Number of protein chains: 4
Amino acid sequence: MLGLKLNQRTAASRAKAAVPARGRKACVSVRAAASGKVKKVVLAYSGGLDTSIILKWLQDTYGCEVVTFTADLGQGEELEPARAKAEKMGVKQIFIDDLREEFVRDYVFPMFRANALYEGTYLLGTSIARPLIAKRQIEIAKEVGADAVSHGATGKGNDQVRFEVGYYSLKPDIKVIAPWREWDLLSRTKLIEYAEQNGIPVPSTKRGEPPFSMDANLLHISYEGNALEDPWVSPDESMFTRSVSPEKAPDQPTVFELAFEKGNPVAVDGVAMSPAQLLTKLNELGGANGVGRVDLVESRFVGMKSRGVYETPGGTILQVAHRAIESITLDRGELHMKDDMMPRYAELVYNGFWFSPEREALQALVDKTQEYCTGTVKVKLYKGNVTVLGRKSPFSLYDKVIASFEDDKGLYNQADAGGFIKLQALRLRTLGVNRYKLL
Amino acid sequence: MLGLKLNQRTAASRAKAAVPARGRKACVSVRAAASGKVKKVVLAYSGGLDTSIILKWLQDTYGCEVVTFTADLGQGEELEPARAKAEKMGVKQIFIDDLREEFVRDYVFPMFRANALYEGTYLLGTSIARPLIAKRQIEIAKEVGADAVSHGATGKGNDQVRFEVGYYSLKPDIKVIAPWREWDLLSRTKLIEYAEQNGIPVPSTKRGEPPFSMDANLLHISYEGNALEDPWVSPDESMFTRSVSPEKAPDQPTVFELAFEKGNPVAVDGVAMSPAQLLTKLNELGGANGVGRVDLVESRFVGMKSRGVYETPGGTILQVAHRAIESITLDRGELHMKDDMMPRYAELVYNGFWFSPEREALQALVDKTQEYCTGTVKVKLYKGNVTVLGRKSPFSLYDKVIASFEDDKGLYNQADAGGFIKLQALRLRTLGVNRYKLL
Amino acid sequence: MLGLKLNQRTAASRAKAAVPARGRKACVSVRAAASGKVKKVVLAYSGGLDTSIILKWLQDTYGCEVVTFTADLGQGEELEPARAKAEKMGVKQIFIDDLREEFVRDYVFPMFRANALYEGTYLLGTSIARPLIAKRQIEIAKEVGADAVSHGATGKGNDQVRFEVGYYSLKPDIKVIAPWREWDLLSRTKLIEYAEQNGIPVPSTKRGEPPFSMDANLLHISYEGNALEDPWVSPDESMFTRSVSPEKAPDQPTVFELAFEKGNPVAVDGVAMSPAQLLTKLNELGGANGVGRVDLVESRFVGMKSRGVYETPGGTILQVAHRAIESITLDRGELHMKDDMMPRYAELVYNGFWFSPEREALQALVDKTQEYCTGTVKVKLYKGNVTVLGRKSPFSLYDKVIASFEDDKGLYNQADAGGFIKLQALRLRTLGVNRYKLL
Amino acid sequence: MLGLKLNQRTAASRAKAAVPARGRKACVSVRAAASGKVKKVVLAYSGGLDTSIILKWLQDTYGCEVVTFTADLGQGEELEPARAKAEKMGVKQIFIDDLREEFVRDYVFPMFRANALYEGTYLLGTSIARPLIAKRQIEIAKEVGADAVSHGATGKGNDQVRFEVGYYSLKPDIKVIAPWREWDLLSRTKLIEYAEQNGIPVPSTKRGEPPFSMDANLLHISYEGNALEDPWVSPDESMFTRSVSPEKAPDQPTVFELAFEKGNPVAVDGVAMSPAQLLTKLNELGGANGVGRVDLVESRFVGMKSRGVYETPGGTILQVAHRAIESITLDRGELHMKDDMMPRYAELVYNGFWFSPEREALQALVDKTQEYCTGTVKVKLYKGNVTVLGRKSPFSLYDKVIASFEDDKGLYNQADAGGFIKLQALRLRTLGVNRYKLL
């Protein structure tokens, strides 16, 4: 009977990954996760040089079978070459999944319902993709009977945390292999050598030190490292790939209407779209108008400050428009409650705690406030600016008669304000009297 | 002895207003504030039509002496005409004060140290000016022996609360007269009639219904009402006075350096400036580049939604730049603590609780974090965009060697990350095991 | 289609009261709530002297029909006498409802799931009963076609706010009559005179000034006023009615087991009970052992401090035991999130915002955390003390092997702690270096 | 010039430890903390078996000079034997410091000003002592020119974090040696063997597995482990050392007055006492009356749940009494702000972030609210109960005339409450209308 009730919790995102009928017996205990030998590992494989090296290194070092998993999260690269490369390296089980709709629907949109912004500026484009990759890796691990997973994130960044916290949450007894923290291929030279020794093709562009590292998905692209390491120096214009600069954007503004239902965008100019289609459309509109570049220094969870540059054209529009539709459909009490909790929500996503009970509890709070967050926002894009031209809703709480300064036919009794103020001030008057009475 | 200690609290902003040596005996009790007759009232007087009508109405209705107080908060109007008008109406005690430096130094800057943003969008330009006006009115009331104060805010807005909560906090036994909540001059026609009957000149532009009401000071100008009452319709370009539109801004960006000390801006391009000078300069730079327009629907403290349009050119730059200097000088712990409390701080200012112990306690928290918030931000303005090009500080917490992906000569042991993650995940692994063990 | 979706929100507690099929058209607008004449009023009627006077006063003053509503919330008084009294005063529609189960199940238990404690000490026994009374009054108003409601709360307390905010939330166009704020019967003498002139029997015990006012329900009884007004003087032992003093409690402890399911108590010593039965049982156990008295000074929502004494025997046990079962079934992340929000939740309930979207959003957060809050707590009561002797759960997150100081067979690698600490400290080390490097 | 200003931050507790004039140059960088050889280590030495073994192990393993530091924090043990033992083991620099006054004044009292309670129940007695020990170790390390510090905390507990985060914060380049995470003496048997091989006397009581581990200081004593590991089984009465059980406490209550100044207790029954004297006195009073035992399951920072039993007699009284004096001297606004932040404050202390900018910022908020927290509380102790009998203050905000239900001569206009409620409810009325208008 208890078992039945349990299913309710497992609902949400964690559900499928965590409790496949046949996997339940397996994950008896954290204790089983102790070292021992690895049989089969699921690698998050991009097909690029670094994860190809990791693939080989895993085969060599652990002597185990490697299963590759390549996800289309809208990063804008062809994925089929990854299949050929994996096959060539002897991989027998190859997973290439288009996760774009799931990514936007179940990860990006819930986060935007919360207006999440890390340290007041970062839209969390990298952070939000990691839990989904982790979840899918665990699903595959269960499907193919793998006892380990591996990823290509380095030992200094946030992504290792996001991947691994995800893995452990969803399959507590999983073995995690983080090559960058284990191997001795700690310089570019050593990596290239290793690749060449093992017949892994090294594109000429990858031979030198790269000017920066990138991470891309349908929500954003990020740039970090090397050429960006001095926070006093701004990035070179040639770096950007998802947006024109405001200077090069058209001289004519782009105006369109974005419709929301229960806090999620559902249509552009009246055309209904799926989540991934819609975000793609907003990216096009924003990118063409120089929208969504941010250059910042952020506080990493692992303890240091780092400098990142991001392009998030569609997400930038989405957050502005979502706040606008909330402004007329959310009551002040729920709006302020949400605002108070937003930095905490953003911190949880940034730190990698998507699959945590506290993020899920906060999401329950956020989603409760979005039930009537339905309506339309008119948006203008112009050379980097996102301007709200109008907002309307069948559930609008804005009442122009009550708000107006002129006669409202008795709807609002101005005398009430006198009593309101008197009682608001009573404690402060008492305080004033009290503080002076001994003087 | 206790009396002596008391002075420590009265410090801060409330100090001078609240406890002048000779005023102490007077404010014996809230109880004295009961109605009775009014002897002398200090009116916040702009010299405009509405407050001129109020002046006359106070003289007629209360048969009391009216003292006028006109403040220069940088609203950009000449104040001397107010003197002539007041004299003509028989006012004997006329106060015209330049409060611009005090306004920016003691009200605007402390608020910007907190990055205050109401409902994610409003920079609180009107809200922050009210407490200073209230405080100065109370100082004058004490100086001239007045027993009442009066203001021209309507009965539906937030300003009445901000003024009156300020009055009561600083002088609990003050009598407050809010003509708009008392009189029957509730239409424009009646007001004009009253003015004409009493020899108050009515400018032709004031005869019809005004298209919107405005409030201006050195931080911003606001527009509300009438022509703006439909939140689906965007404001007419002709309304704006402090900024060109992004479309009309120069095609060349403006780049400059803004220096901060302990969280306050102190110099532009190396030229040290007083607080009001500096904000004036930022307004010029921002206004010329189309920066700082916001159009929003906000939740008033008195319970309704209202639509406001704001121009805050300098403040917009200041907030972006302040976040940038914080990003390298504030530790993550203090930065996130501040961010968590920011919406609450903004709500307190918006609702009129500047002179409250909770705002002062929050300010103490904020100011503690600003002790090392010193450095320089390079800013680019371009057609409405405020872009951070660089940030540097003698106290920068950014360390490019620790942050970099490449060899850091042992400063950071990547293996530590493994342990870090393991312990971060332990509770979630236990949770996972626990949740499944009965299945 | 939208209409259909709307029903989802109205779910919860607000549902039935607010949107009966036939009542929908009626509540067109806030604007209809303007004064005008009253046809029929539903009075919250206890049958006591004060509300009997109010009944008569409503009939006389408003010349309207009065419908009485008397609720059994477990206050421990016979309710049938109220019927006879009402009949005698010509009331035709008399409602006497046993709301005890609804009260405990839908109001008390949800609040205890949040561990709500106002100002660190008050278990909110009065506050939580008001919304239910308000809701039932509104339901009756709709049923009988009344256009007004009335209550007997005074103009200085919190209860007037709790009642009226409830009324307005559930039926925005309702007319509210608050006799204590309207009439001139402002002294006991005048009240008694009015009663005698109108043939309302005045018990001899009610002729003099009462030593204190009381409010009782199944959760608690409160005492305020007169004899308790000096917070330096403790209440007389004779005042208490629900508990013996610790001094008079038995010399032998009482030990029992309290079972929880999803955060709600469901059984005592293995005997399943309905919510009201269970709280009754805990009250008996606690009262007999001197548990649950609190004497405090609290901050009223209407602005002043007030002194209250409360007896909450069962609630005191429940909160201690609920925290104990949470301690082993809630993950740290969700537990701390809840704790952080608890004071806010308590403030909302205290201030009367039970039927508000922000309380409902917080409740969604709280309830999300309670899904596995299932298990048993062994409690000892002894002369005022509530001691937890043990706690166990099928979902316990406590793992004695991981927690122990001794060998855990590799479950926890102590070396991980080194990395954990190093990364936790990294930002503070950087801070330290940074702060000193210029010295 | 900047250097001068820096000193302001270093003020507070971190000051002396961190920036002794001659030590500044030394702590150039985190980078210097890299491994290498250890010259001299300062060990937190209790004189007991475990830290004696550590002392020897450090000498053997690191071949370095060991300096011992033994602190009197009120744990109630003689410290001089530690000197003899250290001397016998060849230690040349021995520090034995009485830190009781500093402990209570600068650590315990600031924490009690915040009403800190971890997970609703734990008064943080162990947590609060660690930062002081860490600070003093670092001071000594600077004084004697040591390059490392060491402690005896295990690898599974919170204390290792508290010690080490403290060390790193105060001296970023310090080398930390945590023997329990490094050595292979992982069973009691191995430890005893090592002791015997090295001539360290092993008391017979230490030969077997101890029933639980203890930590004591002037604030509390804690018990953990072994016999306490089943959270369903309550501890044996014989374990407790600081308090009689409620059952064995006197039949007569103890009543006394506790005076506060600015949030700190300063006198008992009119007798002024130093911080440590006062806490000692409260411990005596509480312990004799069965006050302050808590048995709980807590969430450790390192990720697991653990069971702890605590005796905190004086602290329990102090928190109850502090809340009582706050209830009449703190305004609602500041009181609720404090309450909202309290769980966060407690978490920071529990997790070991005493020397962090966020704890210091929160302390600034808390301390701002305590400026008028002055007055007297009358307390009754009886068989485990701490009851507030009365509270008074020259700054009391409680005004019995305003609070009373009867005539207050116009101080409070009950009609104001009508307006207050109307405006409080306006948003909810609008919400109600809005939600139903489409139905």
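In this convention, every chain numbers its residues from 1, walking through the sequence in written order. As they are written, the chains are lettered A onward and the ligands numbered 1 onward, keeping that order. Reporting of local features is limited, given that this is a predicted model, to residues whose pLDDT is at least 70; pairs of side-chain atoms are given and counted only at 80 or more, and all residues count toward the totals for whole chains, interfaces and linings. Here the side-chain values reflect all heavy atoms present in the structure, with hydrogen atoms and water set aside.

The name recorded for chain A in an unreviewed UniProt entry is argininosuccinate synthase, from Gonium pectorale. Annotation of chain A in UniProt includes, under Subunit (unreviewed entry), the sentence "Homotetramer." UniProt positions are given in the numbering used here, feature names are shortened, and annotations may be inferred rather than shown by experiment. UniProt's Pathway (unreviewed entry) comment on chain A is quoted here verbatim: "Amino-acid biosynthesis; L-arginine biosynthesis; L-arginine from L-ornithine and carbamoyl phosphate: step 2/3."

A. Region of interest: unusual backbone geometry. All names here are of chain C. Unlike most non-glycine residues, lysine 262 shows phi in positive territory, near 50°. Residue placement: lysine 262 occurs in the loop between β8 (254–261) and β9 (264–268). The phi angle at lysine 383 is positive, at roughly 45°, despite the residue not being glycine. Within the secondary structure, lysine 383 is located in the loop between β13 (375–382) and β14 (385–392). We count a stretch as a helix when DSSP gives it H or I for four or more residues in a row; a strand needs E for two or more, and each element gets its number in order from the N terminus.

B. View of the sheet that holds strand β9 (residues 264–268) of chain A. All names here are of chain A. An order of β10-β9-β8-β13-β14 is seen for the five strands of this open sheet, with the pairing classed as antiparallel. Either end of the sheet is taken by a strand with one partner, and the two such strands are β10 (271–272) and β14 (385–392). Across two bridges, the pairing between β9 and β10 is antiparallel. Following the sheet pairing, alanine 267 is matched in β10 by alanine 272. Only heavy atoms enter the contact rule, under which two residues are in contact if any of them lie within 4.5 Å. Every axis corresponds to a line fitted to the C-alpha atoms, with the helix fit spanning only the stretch in contact, and the corresponding angles, defined between N-to-C directions, vary from 0 to 180 degrees. Packing against the sheet, helix α10 (residues 275–288) makes contact with β8 (254–261), β9 and β13 (375–382), and its axis sits at approximately 70° to β9. Together, β8, β9, β13 and β14 form the strand contacts of helix α11 (residues 313–329), whose direction differs from that of β14 by roughly 30°. When DSSP finds two or more bridges between two strands, those strands count as paired.

C. Layout of the interface of chain A and chain B. Counting from both sides, the interface comprises 120 residues of chain A and, opposite them, 121 residues of chain B. With both chains or domains summed, chain A and chain B bury close to 10700 Å², and 59% of this area falls on carbon and sulfur atoms. A pair is scored as a salt bridge if a Lys or Arg side-chain nitrogen falls within 4 Å of a carboxyl oxygen belonging to Asp or Glu. Applying the counting criterion to the chain A and chain B interface returns six salt bridges. The salt bridge involving lysine 380 of chain B is made with glutamate 247 of chain A; its shortest N-O contact spans 2.7 Å. Whenever a nitrogen or oxygen atom comes within 3.5 Å of another N or O atom, the pair is scored as a polar contact, on the condition that within protein one atom can donate a hydrogen and the other can accept it, and that pairs from neighbouring residues in sequence are kept only if both atoms are in side chains. Counting across the chain A and chain B interface gives 36 residue pairs in polar contact (both at pLDDT 80 or more). In terms of residue count, helix α15 (residues 414–436) of chain A provides more of the side of chain A that touches chain B than any other element does, 17 residues in total. Put simply, buried area is the surface a 1.4 Å probe can reach on two separate parts but cannot reach once they are joined, added for both.

D. Highlighting helix α3 (residues 49–62) of chain D. Residues and elements named next belong to chain D. Along its 14 residues, α3 runs 20 Å from first to last C-alpha, staying within 8% of the 20 Å computed at 1.5 Å per residue. With a 1.4 Å probe rolled over the protein chains alone, any residue whose accessible area is under 20% of its type maximum counts as buried; one over 50% counts as exposed, and the rest are partly exposed. For α3, the tally of buried residues reaches 10 of 14 residues, placing the bulk of the element in the interior. For α3, every residue scored as buried is listed here: Leu49, Thr51, Ser52, Ile53, Ile54, Leu55, Trp57, Leu58, Gln59 and Tyr62. Taken from the residues just after α3, glycine 63 is the one with a positive phi, measuring 55°. Here the expected length of a helix is defined as 1.5 Å per residue gap, with one fewer gap than residues.

E. Quick peek at the pattern of salt bridges. Per the counting criterion, the structure on display carries 116 salt bridges over all chains. Among the ionic pairs, arginine 427 of chain B bridges to aspartate 331 of chain C, the shortest N-O distance being 2.5 Å. Residue arginine 427 of chain B is located in helix α15 (residues 414–436), and its partner aspartate 331 of chain C is located in the loop between α11 (313–329) and α12 (332–351); the two belong to separate chains. Connected through salt bridges with shared partners, the residues Asp97, Glu102, Lys135, Arg136 and Glu139 of chain A form a single ionic network.

F. The relation of the copies chain A and chain B, seen in detail. The copies are overlaid by a least-squares fit using only the C-alpha atoms of residues whose pLDDT is at least 70 in both copies. Overlaying chain A on chain B yields an RMSD of 0.0 Å, the required transformation being a rotation through 180° with an accompanying axial translation of 0.0 Å. With respect to symmetry, the two chain copies, as superposed, fit the operation of a two-fold axis. When the interface residues of chain A are mapped onto chain B, 100% of them again fall at the interface, so both copies present the same face.

G. Examining the packing of α12 of chain C against helix α13 (residues 357–369) of chain C more closely. Residues and elements named next belong to chain C. For the pair α12 and α13, interaxial distance at closest approach is 10 Å and the crossing angle is 150°. Between α12 and α13, the angle falls in the class roughly antiparallel. For the crossing formed where α12 meets α13, the hand is left-handed. Residue-level inspection shows Glu334, Met337, Lys338, Met341, Arg344, Tyr345 and Leu348 of α12 in contact with α13, the latter providing Glu358, Arg359, Leu362, Gln363, Leu365, Val366 and Thr369. Each residue belonging to the contact of α12 with α13 can be placed in one class, and the counts come to seven nonpolar, two polar and five charged. These descriptions rest on fixed angle ranges, namely under 35 degrees for roughly parallel, over 145 for roughly antiparallel, 65 to 115 for roughly perpendicular, and the rest for oblique. Handedness of a crossing is defined here by the sense of rotation of the near helix relative to the far one, left-handed for an anticlockwise turn of less than a right angle and right-handed for a clockwise turn. Only Asp, Glu, Lys and Arg are considered charged, only Ala, Val, Leu, Ile, Met, Phe, Trp, Tyr, Cys and Pro nonpolar, and every remaining residue, Gly among them, polar.

H. Seen up close, the environment of lysine 175 of chain A. Residue and element names in this part refer to chain A. One can find lysine 175 in strand β5 (residues 175–177). For lysine 175, a relative accessible area of 21% puts it in the partly exposed group. Between the alpha carbons of lysine 175 and glutamate 164 there is a distance of 9.8 Å; along the sequence they are 11 residues apart.

I. A look at the sheet that holds strand β11 (residues 293–299) of chain C. Residues and elements named next belong to chain C. Pairing is antiparallel across the open sheet formed by four strands, whose spatial order is β6-β7-β12-β11. One side of each edge strand has no neighbouring strand; the edge strands of this open sheet are β6 (213–216) and β11. For this sheet the average axis-to-axis angle between neighbouring strands, irrespective of direction, equals 25°. Here four bridges tie strand β7 (residues 221–224) to strand β12 (residues 305–311), and the two strands are oriented antiparallel to one another. Looking across to β12, one finds that isoleucine 221 is bridged to glutamate 311.

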